[in-house]
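# Commentary on secondary and tertiary structure
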Number of protein chains: 2
Amino acid sequence: MKKLIPNPPAKAKRDMPALLFDLDGTLTDSVYQHAFAWKDALEHVGVNIPLWTIHRQIGMSGGLLARKLLSLSGKRLTVQLIERVKKFHTKSFKGLEASVRLLPGAKELLAELSRLGVPWTIATSGSLVDVRSSLKLLGIDKSAPIVTRDSVEAAKPNPDLFLAAAEKLGVAIEDSIVVGDSIWDLLAARRAKTFGIGLLTGGYGREELEHAGAYRVYEDPKQMLDNLEDIGIS
Amino acid sequence: MKKLIPNPPAKAKRDMPALLFDLDGTLTDSVYQHAFAWKDALEHVGVNIPLWTIHRQIGMSGGLLARKLLSLSGKRLTVQLIERVKKFHTKSFKGLEASVRLLPGAKELLAELSRLGVPWTIATSGSLVDVRSSLKLLGIDKSAPIVTRDSVEAAKPNPDLFLAAAEKLGVAIEDSIVVGDSIWDLLAARRAKTFGIGLLTGGYGREELEHAGAYRVYEDPKQMLDNLEDIGIS
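Residues numbered from 1 in each chain as written. Chains lettered and ligands numbered in written order. Predicted model: local features only at pLDDT ≥ 70, side-chain atom pairs only at ≥ 80, totals over all residues.

Helix and strand counts for chain A stand at ten helices and seven strands. Relative to a compact globule of 234 residues, whose C-alpha radius of gyration would be 17 Å, chain A shows 17 Å and is just as compact. Dimensions of chain A along its principal axes, counting C-alpha atoms only, are 55 × 40 × 30 Å. Looking at chain A residue by residue over its 234 residues, the buried ones come to 53%. Taking the contacts inside chain A whose residues are at least 6 apart along the sequence as the reference set, 64% of them involve residues at least 24 apart. (Helix = DSSP H or I, 4+ residues; strand = E, 2+ residues; numbered from the N terminus. Rg over C-alpha atoms; globule rule 2.2 N^0.38 Å. Buried ≥ 20, exposed ≤ 12 C-beta atoms within 10 Å, placed from the backbone. Contact = placed C-beta atoms within 7 Å.)

Okay, here's the thing in structure tokens:
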């Protein structure tokens, strides 16, 4: 049996920020698979959008993403069409899921935070059905206080997911730092009245993340783990 | 039968720069498929490199890319290993090729350049066997003065491909502008003693291309076509 990452501590140490992680592209190497799955889903309804354009929308809620990309194509938006594209995406992503790997240092970073007594959780725009295998890959305990798309009204870039995540940890959002790979994480962080750390693992450029307000940008979870002092964790 | 793009004029108009285009990610939407194909090829030899890292190497010669990514993994480099990975990549890419589409405005841009009497050609790090279907997609005449990996000693970021392309057009490299989606195109352009225009279609951020020396950055061939005056073509 795979060793599970210990859950974050129930009570935060004083003066230690909590960390709210995005999942896809931040802890698991799954952004490119999602881009392909959306490409496939859009082609199923006759819409041709270049992959780089799709790539730059990954991380926002699926409904918002489908709406935005369909409207770029000039297609008439209906609830049915958006639902069809979302369903195709879920199906197509399932076919690619076996190629998803952990990002370097992902497990080690979470385990070290637990060891240090730093509260952390995962707040993802994905539905539980879409992220279950990623959580398994990470060795996350079922009882860990994860927040998925299903439990909030609006996903990123709305702040709801991160607000719910902080609440679940019992910490103030102002004492939390968001960690994500996309500008949607960073926008949601700012809207939640906190700030974010960017990771290059989602395929954005460093400056794109900095311009979106990232306080620091690291290559991957491993480089972040090696520099925890930079964000006041030791 | 698909309408072919007219070949560039045999003799350039005075005071009109020639344009040397990259192919993958610049005219065809194929960068993400190449990233997956390299990922697949590397996993075949037991090497796990995150997709964003692979993505950022696309556009350099296959041999150089395989060498760099294998060495990142700490694996002992041998000529045999590099050749095996390259072969796996070609095979894996063939399986994804059917999903490659033209980028917005690609055909229209080349056709307009021909109409205006601007010499242009394509200089690609890909071998003829890898790019044949992309050229077909573009409707490029077999007699067009294309330069592929096969006809130079070293591909990008070496300047050879662009030097050979300018020579084939009968224009001086100093009177040529490179158009590409990756920092490897822009580096090769500078090493060839000319400069480049960046397109966002390969999935790099705008600033990454600017920092690599792009004189202008456009979203895609269509936006470049709409702004040809910016580079002195009218």
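Here the narrative resumes, following the displayed structure.
Okay, the environment of Val171 of chain A next. Position of Val171 of chain A relative to the elements: it lies in the loop between helix 7 (160-169) and strand 5 (176-180). Through-space distance from the C-alpha of Val171 of chain A to that of Ala18 of chain A is 7.2 Å; in sequence the pair is 153 residues apart.

What follows is about the domain arrangement of chain A. Residue and element names in this part refer to chain A. Splitting chain A by domain gives domain 1 (18-29 + 101-231) and domain 2 (31-98). Taking only C-alpha atoms into account, the centre of domain 1 sits 23 Å from that of domain 2. Mapped by element, the contributors of at least two residues to the side of domain 1 that touches domain 2 are helix 6 (128-138) and helix 8 (183-191). Per-class residue counts for the side of domain 1 that touches domain 2 are four nonpolar, six polar and seven charged. (Domains from an automatic or database assignment. Nonpolar A, V, L, I, M, F, W, Y, C, P; charged D, E, K, R; others polar.)

Before going further, it helps to examine the packing of helix 3 (residues 62-72) of chain A against helix 4 (residues 79-96) of chain A. All names here are of chain A. Where helix 3 contacts helix 4, the axes come no closer than 9 Å and their chain directions differ by 115°. Overall, the two elements helix 3 and helix 4 adopt an arrangement that is roughly perpendicular. Considering the relative orientation of helix 3 and helix 4, their crossing is right-handed. Here helix 3 contributes Gly62, Gly63, Ala66, Arg67 and Leu70 to the contact with helix 4, which in turn contributes Leu81, Ile82, Val85, Lys86 and His89. (Axes fitted to C-alpha atoms, helices over the stretch in contact; angles between N-to-C directions. Parallel < 35°, antiparallel > 145°, perpendicular 65-115°, else oblique. Left-handed = near helix turned anticlockwise from the far one by under 90°.)

Looking now at the relation of the copies chain A and chain B. Under the fitted operation, chain A is carried onto chain B by 0.0 Å of movement along the axis and a turn of 180°, and the coordinates agree to an RMSD of 0.0 Å. Expressed as an axis order, the relation between the two copies is that of a two-fold axis. Across chain A, the rotation axis passes nearest the C-alpha of Gly205 of chain A, at a separation of 2.5 Å. Most of the interface of chain A is mirrored in chain B, where 100% of its interface residues again form contacts. (Least-squares fit on C-alpha atoms with pLDDT ≥ 70 in both.)

The next thing to look at is the sheet that holds strand 1 (residues 18-21) of chain A. Residues and elements named next belong to chain A. Taken in spatial order, the five strands of this open sheet run 4-1-5-6-7, and their pairing is parallel. Looking at strand neighbours, the two that pair on one side only are strand 4 (120-122) and strand 7 (214-218), the edges of this open sheet. Strand after strand, the sheet turns through a mean of 20° between neighbouring axes, direction not considered. Taken together, the four bridges between strand 5 and strand 6 (residues 195-199) define a ladder with parallel strand orientation. If you follow Val179 over to strand 6, its bridge partner there is Ile197. Packed onto the sheet, helix 7 meets strand 1, strand 4 and strand 5 and runs at close to 135° relative to strand 1. Against the sheet, helix 8 makes contact with strand 5, strand 6 and strand 7, and its axis sits at roughly 170° relative to strand 6, the strand it touches most. (Pairing = 2+ DSSP bridges.)

Here we take up the sheet that holds strand 1 (residues 18-21) of chain B. Residues and elements named next belong to chain B. With parallel pairing, the five strands of this open sheet are ordered in space as 4-1-5-6-7. Every interior strand has two partners, whereas the edge strands, strand 4 (120-122) and strand 7 (214-218), have only one. Direction aside, the axes of adjacent strands within the sheet are offset by 20° on average. On top of the sheet, helix 7 (residues 160-169) reaches strand 1, strand 4 and strand 5 (176-180); it is set at about 135° to strand 1, its chief contact. Along the sheet, helix 8 (residues 183-191) contacts strand 5, strand 6 (195-199) and strand 7; its crossing angle with strand 6, the most-contacted strand, is approximately 170°.

This prediction gives chain A a mean pLDDT of 93; 96% of its residues lie at or above 70. Our summary of model confidence lists the complex with pTM equal to 0.94 and ipTM equal to 0.94. (pLDDT = per-residue confidence, 0-100.)

Moving on, we get to the environment of Ala165 of chain A. All names here are of chain A. Inspection of the secondary structure assignment puts Ala165 in helix 7. Residue classification places Ala165 among the buried residues on the basis of 29 C-beta atoms within 10 Å. Taking C-alpha positions, Ala165 is 9.5 Å from Leu19, a pair spaced 146 residues apart along the chain. Setting aside anything within four residues of it in sequence, one finds Ala165 in contact with Leu20, Thr121, Ala123 and Val147.

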